Amino acid sequence: MPGKGRRRSVDPAQVFLNVPYNRSYERTLVALTAALVALRRVPRLTFQIPEGGQGRLRRIFDLLKSCRVSIHDLSAVGQPVRFNMPFELGLACALKEQSEAHDFLVLEKKPHRLHRHLSDIGGIDPKIHHGTAKGAINVVLEVLERPEGNPSAAQVIRLYRRMMRLLPVIKSKHGNADLFSPRVYGELVASGWIAAREMGLN
Amino acid sequence: MSDKRSHPHRPVAAKPASESGTFKHVSKGTDLSAVLRAYKISQADLKRVRELVVGKEPTHAR
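Here is a short report on the structure shown in this document. (Residues numbered from 1 in each chain as written. Chains lettered and ligands numbered in written order. Predicted model: local features only at pLDDT ≥ 70, side-chain atom pairs only at ≥ 80, totals over all residues.)

1. Some words on the overall build of chain B
The helix and strand tally for chain B stands at two helices and one strand. In chain B, the succession of helices and strands from N to C terminus is β-α-α. Across the 62 residues of chain B, 11% fall into the buried class. (Helix = DSSP H or I, 4+ residues; strand = E, 2+ residues; numbered from the N terminus. Buried ≥ 20, exposed ≤ 12 C-beta atoms within 10 Å, placed from the backbone.)

Structure, rendered in structure tokens:
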């Protein structure tokens, strides 16, 4: 197992997001991010890790280990086929087996579909977001909680809409790079954080 | 000897909360500095992002 036996501190505020990196998923990723920011959590994604090279798997596993919670969206089942998401879910399952200091959440777009593609996951019920921003926000608010109570879904949706308005401006500052780059995504998270503060959410 | 595995009324153990995907994780979270560290955002970049969100601070001309 990669990283076995290595000590690394687990940050309860960090959430590993294992999601499709394609344009059709942008809205869902912004919605998940808005919910995490409203809960004062820091989303972490593998595009923060340089592509290729030896040790990438180790660095992905170390990033996963540093997060108390991981969220795995297995809704992308079309072409092109990508195996990274189920693979990283496997890493999270292994981590959960090794340590109680990790919990993971599986997301799907449609009910009853995941068990046809991944029968080994029997016993783990995915949360269904229906491919909507509201659905994605609701599932995050359902499993993650602040001690003083969570903001309402309606408040988080307002934050999401504000972040969606900021996104094209941030992209244009970076030569219209897509959301799935550390610079654009990082600045979106920071802008969401500032907006949430201004809206009295965090 | 009866086969317990085929018993029609065999009780089914409840799934542990985290295994069924229904865990609840409570945390007070963190602050903006953790985001800046995670995404290597400089103070200059932060200033630009802040201006994007809240607008430029007004300059008070005399």
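Alright, that's what it looks like, and here's the rest.
2. What to know about the sheet that holds strand β5 (residues 127-128) of chain A
Residues and elements named next belong to chain A. Spatially, five strands are ordered β2-β1-β3-β4-β5 in an open sheet, and the strand pairing comes out parallel. The sheet is open, and its two edges are formed by β2 (42-44) and β5, each paired on a single side. Of the strand pairs in this sheet, strand β1 (residues 11-18) and β2 are connected by three bridges, and their pairing is parallel. Note that in β2 the partner of Val15 across the bridge is Pro43. Each of β1, β3 (67-73) and β4 (103-108) is contacted by helix α3 (residues 84-98), which is oriented at about 145° to β3, the strand it contacts most. (Pairing = 2+ DSSP bridges. Contact = placed C-beta atoms within 7 Å. Axes fitted to C-alpha atoms, helices over the stretch in contact; angles between N-to-C directions.)

3. Quick look at the interface of chain A and chain B
The interface is formed by 34 residues belonging to chain A together with 27 residues belonging to chain B. Elements that contribute at least two residues to the side of chain A that touches chain B include exactly β1, β2, β3, β4, β6 (144-145), α6 (153-173) and α7 (182-198) of chain A. Ranked by residue count, the leading element in the side of chain A that touches chain B is α7(A), at 10 residues. Here the side of chain A that touches chain B is composed, by residue class, of 20 nonpolar, three polar and 11 charged. Bridging between β6(A) and strand β1 (residues 25-26) of chain B involves two bridges; their strand directions are parallel. Note on β1(B): the bridge partner recorded for Leu144(A) is His25(B). (Nonpolar A, V, L, I, M, F, W, Y, C, P; charged D, E, K, R; others polar.)

4. A word on the environment of Leu32(A)
Residues and elements named next belong to chain A. Along the polypeptide, Leu32 turns up in helix α1 (residues 26-38). Taking the C-alpha atoms as reference points, Leu32 and Pro43, separated by 11 residues in sequence, lie 8.8 Å from one another. Excluding anything up to four places from it in sequence, Leu32 contacts Leu17, Ile71, Ala136 and Val140.

5. Quick word on the nonpolar core
Formed by 63 residues in total, the largest nonpolar core has its most connected members in Ala34(A) and Ala35(A). Excluding its chain neighbours within four sequence positions, the residues that come into contact with Ala34(A) are Ile137(A), Val156(A), Leu159(A), Tyr160(A), Met163(A) and Gly192(A). (Core = buried A, V, L, I, M, F, W, Y, C linked by C-beta atoms within 7 Å.)

6. Considering the packing of helix α2 (residues 56-66) of chain A against α3(A)
Residues and elements named next belong to chain A. As a packed pair, α2 and α3 sit with axes 11 Å apart at the nearest point and diverge in direction by 55°. Of the possible angle classes, the one that applies to α2 and α3 is oblique. Where α2 crosses over α3, the two elements pack in a sense that is right-handed. Residue-level contacts link Ile60, Phe61, Leu64 and Lys65 of α2 to Glu88, Leu91, Ala92 and Leu95 of α3. For the contact of α2 with α3, the class distribution of residues is six nonpolar, no polar and two charged. (Parallel < 35°, antiparallel > 145°, perpendicular 65-115°, else oblique. Left-handed = near helix turned anticlockwise from the far one by under 90°.)

7. Observations concerning helix α5 (residues 133-143) of chain A
All names here are of chain A. Among the residues of α5, those classed as buried are Ala133, Ala136, Ile137, Val139 and Val140. Looking straight down α5, one finds its buried side chains confined to an arc of 165°; they lie on one side. Tucked inside the fold, the buried residues of α5 contact α1, β4, β5, β6 and α6. (Arc of directions from axis to C-beta.)

8. Here's the deal with the pairing of β3(A)
In regular strands, side chains alternate between the two faces of the sheet. Residue and element names in this part refer to chain A. In terms of burial, β3 is a largely internal element, six of the seven residues being buried. Pairing analysis gives five bridges linking β1 to β3, with the strands arranged parallel. Note on β3: the bridge partner recorded for Leu17 is Ile71. Bridge count for β3 against β4 is five bridges, and the pairing is parallel. When the bridges of β4 are listed, Asp73 appears paired with Leu107.

9. Focus on unusual backbone geometry
All names here are of chain A. If you check the backbone angles, His130 has positive phi at about 60° while not being a glycine. In this structure, His130 sits in the loop between β5 and α5. When the 14 C-beta atoms within 10 Å are taken as the criterion, His130 is described as partly exposed.

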